[in-house]
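# Coordinate inspection notes
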Number of protein chains: 2
Amino acid sequence: MSQIYNFYAGPAVIAKEVLERAKEELLDFRGTGMSVLEISHRAKAFDDVMVEVEANVKQLLGLGDDYRVLFLQGGASTQFSMVPMNFLPEGRTADYIVTGSWSQKALKEAKKIGSTHVVFDDSENNFRRVPQQEELQFSEDPVYVHMTTNNTIYGTEFHTIPQVNAPLVADMSSDIMARPIDAEKFSLIYAGAQKNLGPAGVTVVIIKKDFLDTAQEVNATMLKYATHAEKNSLYNTPPCFSIYMVNLVCQWILEQGGLKAMEAKNRRKAQYLYDAIDQSNGYYIGHAEKDSRSLMNVTFTMANSDLEKEFVAEGEAQGFIGIKGHRSVGGLRASIYNAMPEEGAKALAQFMADFQAKH
Amino acid sequence: MSQIYNFYAGPAVIAKEVLERAKEELLDFRGTGMSVLEISHRAKAFDDVMVEVEANVKQLLGLGDDYRVLFLQGGASTQFSMVPMNFLPEGRTADYIVTGSWSQKALKEAKKIGSTHVVFDDSENNFRRVPQQEELQFSEDPVYVHMTTNNTIYGTEFHTIPQVNAPLVADMSSDIMARPIDAEKFSLIYAGAQKNLGPAGVTVVIIKKDFLDTAQEVNATMLKYATHAEKNSLYNTPPCFSIYMVNLVCQWILEQGGLKAMEAKNRRKAQYLYDAIDQSNGYYIGHAEKDSRSLMNVTFTMANSDLEKEFVAEGEAQGFIGIKGHRSVGGLRASIYNAMPEEGAKALAQFMADFQAKH
């Protein structure tokens, strides 16, 4: 096996340059003589990382002082509860746009906490698309609207931000930093790091200060956003190494030319794979409707599961790792986050053509 | 500066051998051609880690199949809420032994959830000691008894496990794996990893199965122990790298001779420093009463804060890092967890004598 390409959906590929940098300084972090794995979160050298990473996230997303960036634990799954605990008071309703399994899970947790309204739910159609603006039937005065910008499992993605007359909350775990977005349209963005931002173990929460000010009291101190905002994410020991890695990834994105450069590369990578599907005369069947196709997760099926198994096995033998689809959709999935090199997507597209010719 | 000794209270020193192993395999995890930072938590190679680490934790603590080991996020601070959410039903009372700031915080979160009873609280005395058995006045039928085995901030530690007629729950964040304990006396043990187990970012929860079976329903899926037990800590993406590091640390402890060897080494290290205090004729004043002294955190003050500042500054210049005391106690604190080499404690004791002679 000469070259490995990591198509896992998350934890996912991290840029070689970032991994090499982490390796290089693993035993001596910024001249401290200690590893970043063993340095106190109160040490000056680590505090510098906290300041840098908040600034880098804001710079990449074009956000100013009216936003805070928090580094929490527990993944997006914990955010599913934290969002309604903090922002869904009794007597109000939160609207949920349901475009996949993760939206469903977010809705399920919110329902346990308060009143919810489902704006759109395409589960009957196995989530092949995201809604058009005119399909969105909001409740009268939602306290917030929740959406999932990219649906990892189904391979669909919003290409425009819905127009909403309420604070917009988004799970961006799988497409944050993949392209420029108008981040100011969101009152709260959350993202598990393990797709586009770094390794697993930290959840980035970007929150508008005036939205944070509307939060209600929460029973558990650790589940209050205010706890972490007041202490700059150092209320208790944060996941230092994962935060350090997010900082390295942000620096890498900036060095690559920022989100515009990411988008251009991501579009080229996606094009290779969607072309391979579209030019296969139905040998590969795309799961997502064309208008809703994700730039991050390319999902497709084949005539039968035996053939799919063969595709996965032969692909793995050739170094294409993690291309089996999620059990909810079956088939295949190639996740091509920011750190997937263009050659990886190109090579997989070539493999798809070769496999078709052979079988 | 020739040699650095890391006395931080947490995140804290990690054994050189462990850091070197992590560095060595950072770009190629077990022959996968990928980093452990970017491999899927569903990949076989990572699943092997999960199986190994649960087995290693159990082996070190002498626990069998009637216990589960979970790898969660959010630190001990999240456990402060999870424990009562899962195990303190309406109409019952939970007993708290309050021996320091962390016990106080645990109690504070429990109070928000249900009825509590304070068994012992030495805050008036600034937590210089842990209680004797006869001082423990439990409530009539506590649903559980909560204790903190080692008090990082005050430098006190239980040297015998209290006798309790209820499930015993312990925050062992700062002394887990420091010596052999009768772990079967506990129904639930939790520990943030960043002191004796590895880097920050994972919380190890050891739970007796029959205690877990008594848990009540919890509103947030992620805060239910059962969620994580049923899915072997893979309900959502776990903090993979931190778990991998905990596994390396467990392997290292086993290679060193297990908990007996750790205890012997830890006692020698503590002896150097307590001797330095006791033989200083009151120049260094130990915070903890002698019977309650911690093997992990040696706390002491000096005649005045100017002298303490000078001690910290001169110490740092000589490579003794992180010896400033916590703001609650002031003064100095040397944390000498498992990974602190014996020479480190010896060198600090020598520095204390030299400093005294000089000033």
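To start, this report covers the structure provided alongside it. (Residues numbered from 1 in each chain as written. Chains lettered and ligands numbered in written order. Predicted model: local features only at pLDDT ≥ 70, side-chain atom pairs only at ≥ 80, totals over all residues. Heavy atoms only, no water.)

### Some words on the overall build of chain A
Secondary structure assignment for chain A yields 10 helices and 14 strands. Expected size for 359 residues packed as a compact globule is a radius of gyration near 21 Å; at 21 Å, chain A falls within 12% of this value. Seen through its principal axes, chain A has C-alpha atoms that stretch 60 × 60 × 30 Å. Here chain A, with 359 residues, has 64% of them falling under the buried criterion. A total of about 13400 Å² of accessible surface is found on chain A, and carbon and sulfur atoms cover 45% of it. Taking the 35 positively charged and 45 negatively charged side chains of chain A as two groups, their mean positions are separated by 2 Å. (Helix = DSSP H or I, 4+ residues; strand = E, 2+ residues; numbered from the N terminus. Rg over C-alpha atoms; globule rule 2.2 N^0.38 Å. Buried < 20%, exposed > 50% of the residue type's maximum accessible area, 1.4 Å probe, protein only. Areas by Shrake-Rupley, 256 points an atom, 1.4 Å probe, with all protein chains shown as cover. Lys, Arg positive; Asp, Glu negative; His and termini not counted. Charge placed at Lys NZ, Arg CZ, Asp CG, Glu CD.)

### Remarks on the pattern of salt bridges
Within this structure, the stated rule accounts for 32 salt bridges over all chains. Close ionic contact of D141 of chain B with R92 of chain B constitutes a salt bridge, the shortest N to O distance being 3.5 Å. You can see D141 of chain B sitting in the loop between β4 (115–121) and β5 (144–148) and its partner R92 of chain B sitting in the loop between α3 (75–87) and β3 (93–98), a full 49 residues away along the chain. Bridged by salt links that share partners, the residues E54, K58 and R68 of chain A form one connected network. (Salt bridge = Lys/Arg side-chain N within 4 Å of Asp/Glu carboxyl O.)

### Some words on the relation of the copies chain B and chain A
Of the transformation placing chain B onto chain A, the axial shift is 0.0 Å and the rotation is 180°, giving an RMSD of 0.0 Å. Here the two chains are linked by the operation of a two-fold rotation axis. (Least-squares fit on C-alpha atoms with pLDDT ≥ 70 in both.)

### As for the interface of chain B and chain A
Chain B puts 54 residues into the contact, and the matching count from chain A is 55 residues. A buried area of about 4600 Å², summed over both sides, lies between chain B and chain A, and 60% of it is on carbon and sulfur atoms. Here chain B is connected to chain A by zero salt bridges. Our count for the chain B to chain A interface comes out at 16 residue pairs in polar contact (both at pLDDT 80 or more). Taken together, the elements giving at least two residues each to the side of chain B that touches chain A come down to α1 (16–24), α3, α4 (101–111) and α7 (240–256) of chain B. For the side of chain B that touches chain A, the residue count by class is 28 nonpolar, 19 polar and seven charged. (Contact = heavy atoms within 4.5 Å. Buried area = accessible area lost by both parts, 1.4 Å probe. Polar contact = N/O pair within 3.5 Å; in protein donor to acceptor, adjacent residues only side chain to side chain. Nonpolar A, V, L, I, M, F, W, Y, C, P; charged D, E, K, R; others polar.)

### Section: the sheet that holds strand β12 (residues 297–301) of chain A
Residues and elements named next belong to chain A. Strand order in this open sheet of three strands is β11-β12-β14, and the pairing throughout is antiparallel. Taken across any chain shown, the strands that pair with only one partner, and hence form the sheet edges, are β11 (285–286) and β14 (332–335). Pairing analysis gives four bridges linking β12 to β14, with the strands arranged antiparallel. Across the sheet, the residue bridging to T299 is R333, located in β14. (Pairing = 2+ DSSP bridges.)

### Considerations on the packing of aromatic side chains
Residues and elements named next belong to chain A. Going through the model one piece at a time under the given rule, you end up with 37 aromatic pairs over all chains. Their ring planes at 85° and their centres at 5.6 Å tell us that Y284 and F300 sit as a pair that is edge-to-face. Here Y284, found in the loop between α8 (258–278) and β11, pairs with F300, found in strand β12; they are 16 residues apart in sequence, far enough to count as distant. The burial state of Y284 is the same as that of F300; both residues are buried. (Phe/Tyr/Trp six-rings, centres within 6.5 Å; stacked < 30°, edge-to-face > 60°.)

### Observations concerning the sheet that holds strand β8 (residues 168–171) of chain B
All names here are of chain B. Taking strand neighbours across the sheet as the criterion, the seven strands line up as β2-β10-β9-β8-β5-β3-β4 in an open arrangement whose pairing is mixed. Edge positions in the sheet fall to β2 (67–72) and β4, since each has one partner strand and no second. Within the sheet, the average angular offset between the axes of one strand and its neighbour, ignoring direction, is 15°. Examined bridge by bridge, β2 and strand β10 (residues 203–208) share six bridges and lie antiparallel to one another. (Axes fitted to C-alpha atoms, helices over the stretch in contact; angles between N-to-C directions.)

### Brief notes about helix α8 (residues 258–278) of chain B
All names here are of chain B. A rise of 1.5 Å per residue sets the reference length of α8, with its 21 residues, at 30 Å; its end C-alpha atoms lie 30 Å apart and thus fit the reference within 8%. Those residues of α8 not exposed but buried are G258, L259, M262, E263, K265, N266, K269, A270, L273, Y274, A276 and I277. As for α8, its buried residues are in contact with α2 (44–61), α7, β11 (285–286), β12 (297–301), β14 (332–335) and α10 (342–358). (Expected span 1.5 Å × (residues − 1).)

### Points about empty space enclosed by the protein
Per the counting criterion, the structure on display carries eight cavities of 30 Å³ or more. Approximately 300 Å³ is the volume attributed to the largest cavity. The wall of the largest cavity is formed by 29 residues, among which Q73 and G74 of chain A together with Q73, G74 and T78 of chain B lie closest to the centre. Residues of the lining of the largest cavity, tallied by class, amount to 16 nonpolar, 13 polar and no charged. (1 Å grid on protein atoms, 1.4 Å probe; cavity = no way out; pocket = protein on both sides within 12 Å on 5 of 7 lines; lining within 4 Å. Points joined across faces, edges and corners; volume = space filled by probe spheres on them.)

### A word on the state of the cysteines
Residues and elements named next belong to chain A. In this structure the tally under the stated criterion is zero disulfides over all chains. With no disulfide of its own, C240 has C250 as its nearest cysteine by sulfur position, at a separation of 16 Å. For C240, a relative accessible area of 3% gives the class buried. (Disulfide = S-S within 2.5 Å.)

### Things to note about α1 of chain B
Inspection of α1 of chain B places V18, L19 and A22 of chain B among the buried residues, and these make up the whole buried set. Seen end-on, α1 of chain B carries its buried residues on one side only, within an arc spanning 95°. (Arc of directions from axis to C-beta.)

### A word on the side chain of K269 of chain B
Residue and element names in this part refer to chain B. Note on placement: K269 falls in helix α8. Notably, K269 is buried but unbridged: the nearest opposite-charge side chain belongs to E342, and the N-O separation is 7.8 Å. Separated by 3.0 Å, the side chains of K269 and N266 make a polar contact. Setting aside chain neighbours within four positions, we find K269 in contact with I336, Y337, N338, M340, P341, E342 and A345.

### Side note on a negative patch on the surface
Residue and element names in this part refer to chain A. Together, D65, D66, D182, E184, D210 and D213 make up a negatively charged patch on the protein surface. Position of D213 among the secondary structure elements: in the loop between α5 (209–212) and α6 (225–230). Accessibility expressed as a relative area gives 65% for D213, which makes it exposed. (Patch = residues over 30% accessible without salt bridge, like charges linked within 9 Å, V, L, I, M, F, W, Y side chains within 5 Å.)

### Re unusual backbone geometry
The residue after G10 of chain A, namely P11 of chain A, is reached through a cis peptide bond having omega -10°. Tracing the backbone shows P11 of chain A in the loop between β1 (5–6) and α1 (16–24). Non-glycine residue S233 of chain A carries a positive phi angle of around 65°. Among the residues examined, S233 of chain A registers a relative accessible area of 4% and is labelled buried. In this structure, M177 of chain B takes a positive phi of about 70° despite not being glycine. Look at M177 of chain B and you get buried, because its relative accessible area is 2%.

### Let's talk about the environment of A15 of chain B
Residues and elements named next belong to chain B. Mapped onto the secondary structure, A15 falls in the loop between β1 (5–6) and α1. The buried category is assigned to A15, whose relative accessible area is 5%. Residues A15 and L70 lie 55 residues apart in sequence; the distance between their C-alpha atoms is 23 Å. The contact partners of A15, leaving out residues within four places of it in the chain, are W252 and A339.

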